[in-house]
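These are the residues of each chain, in order.
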Amino acid sequence: NAGVTQTPKFRILKIGQSMTLQCAQDMNHNYMYWYRQDPGMGLKLIYYSVGAGITDKGEVPNGYNVSRSTTEDFPLRLELAAPSQTSVYFCASGDNRGGTDTQYFGPGTRLTVL
Amino acid sequence: AQSVTQPDIHITVSEGASLELRCNYSYGATPYLFWYVQSPGQGLQLLLKYFSGDTLVQGIKGFEAEFKRSQSSFNLRKPSVHWSDAAEYFCAVGLTFGNEKLTFGTGTRLTIIP
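Residues numbered from 1 in each chain as written. Chains lettered and ligands numbered in written order. Predicted model: local features only at pLDDT ≥ 70, side-chain atom pairs only at ≥ 80, totals over all residues. Heavy atoms only, no water.

Chemist: Sorry, what's going on with the overall build of chain B here?
Modeler: Broken down by element type, chain B carries 0 helices and 12 strands. Reading the helices (α) and strands (β) of chain B from amino to carboxyl end gives β-β-β-β-β-β-β-β-β-β-β-β. Over its C-alpha trace chain B gives a radius of gyration of 13 Å, about what one expects of a compact globule, namely 13 Å for 114 residues. Viewed in the frame of its principal axes, chain B has a C-alpha envelope of about 40 × 30 × 25 Å. (Helix = DSSP H or I, 4+ residues; strand = E, 2+ residues; numbered from the N terminus. Rg over C-alpha atoms; globule rule 2.2 N^0.38 Å.)

Chemist: What is the right way to read the state of the cysteines from this model?
Modeler: Linking two cysteines covalently through their sulfur atoms gives a disulfide. Counted by the stated rule, this structure contains 2 disulfides over all chains. One disulfide in the model links Cys-23 of chain A with Cys-91 of chain A; its S-S distance is 1.8 Å. Its S-S torsion of approximately -70 degrees makes the covalent link between Cys-23 of chain A and Cys-91 of chain A left-handed. Of the two residues, Cys-23 of chain A sits in strand E3 (residues 19-25) while Cys-91 of chain A sits in strand E9 (residues 87-94), which places them 68 residues apart along the sequence. Overall, Cys-23 of chain A belongs to the buried group, its relative accessible area being 1%. The class for Cys-91 of chain A is buried, based on a relative accessible area of 0%. Through a disulfide, Cys-23 of chain B is tied to Cys-91 of chain B; the S-S separation comes to 2.0 Å. Between Cys-23 of chain B and Cys-91 of chain B, the S-S dihedral sits near -65 degrees, and the bridge is therefore left-handed. (Disulfide = S-S within 2.5 Å. Buried < 20%, exposed > 50% of the residue type's maximum accessible area, 1.4 Å probe, protein only.)

Chemist: Help me out: how do you make sense of the nonpolar core in this one?
Modeler: What tends to happen in soluble globular proteins is that the nonpolar side chains get buried as a cluster. Judged by nonpolar contacts, the single largest core of 26 residues is most densely connected at Leu-19, Trp-35, Leu-47, Leu-48, Phe-74, Leu-76 and Tyr-89 of chain B. Mapped onto this core, the elements with two or more residues apiece are strand E2 (10-14), strand E3 (19-21), strand E5 (32-38), strand E6 (44-50), strand E8 (64-68), strand E9 (73-78), strand E10 (87-94) and strand E12 (108-113) of chain B. Here the element with the most residues in this core is E10 of chain B; it accounts for 4 residues. Counting 20 residues, the second-largest nonpolar core is a separate cluster that includes Val-88 and Phe-105 of chain A together with Tyr-32 and Phe-51 of chain B. (Core = buried A, V, L, I, M, F, W, Y, C linked by side-chain atoms within 4.5 Å.)

Chemist: Any chance you could explain the interface of chain B and chain A here in plain terms?
Modeler: Frequently, the measure chosen for interface size is the accessible area that the parts lose on association. Each partner contributes residues to the interface: chain B has 20 residues there, and chain A has 23 residues. Where chain B packs against chain A, one counts 0 salt bridges. In this structure, the connection of chain B to chain A is made through 2 residue pairs in polar contact (both at pLDDT 80 or more). Counting only elements with at least two residues in the side of chain B that touches chain A, the list comes to E5, E6 and strand E11 (102-104) of chain B. Split by residue class, the side of chain B that touches chain A holds 9 nonpolar, 8 polar and 3 charged. (Contact = heavy atoms within 4.5 Å. Salt bridge = Lys/Arg side-chain N within 4 Å of Asp/Glu carboxyl O. Polar contact = N/O pair within 3.5 Å; in protein donor to acceptor, adjacent residues only side chain to side chain. Nonpolar A, V, L, I, M, F, W, Y, C, P; charged D, E, K, R; others polar.)

Spelled out as structure tokens, the structure:
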């Protein structure tokens, strides 16, 4: 199993540009998450999904959009990039069926908006 | 809303010395508690978790944590640290069993000196 994969690893955007951060998992987990991590801060939840077709806002959803058309994929969309969105983005997946209750994290995408 | 406090931003210990990282939470009921570790440039990895039962929890890499309800704490300990333990450590709290939203602390950076 590859686990949770994220692409790209690094990206520089100009203000106003848009992009999609890709996240995929091959563990058949029903839960998926997007977090952002700013220096000196913990992880903040942006959006999460409890299954295909179901998404919900987290703590800091403004400026982002998500979709979940399949169990495996959970892309994060930035429509109009702003400097405040410079951060490291982590995708995670998990599944509480059968007592599995751990979130598994991808390696992250470092995004800079200039 | 629940919150997590990690009072120590940065801790330095000598290799072979014991370690204790502090975590305090604020929540009306018994939360679900987690410790994650993040090595430089990597995603987060679960060290251990507490849901119920024995208040002393054993994790991977020789770590343990003790849940103390009276102190609203879930401190992480290791009797003898290794240079490879240098990383950022995050405490997190969840409200429901399994993979609902987690709230993370701001992290403690651990430096190991020879």
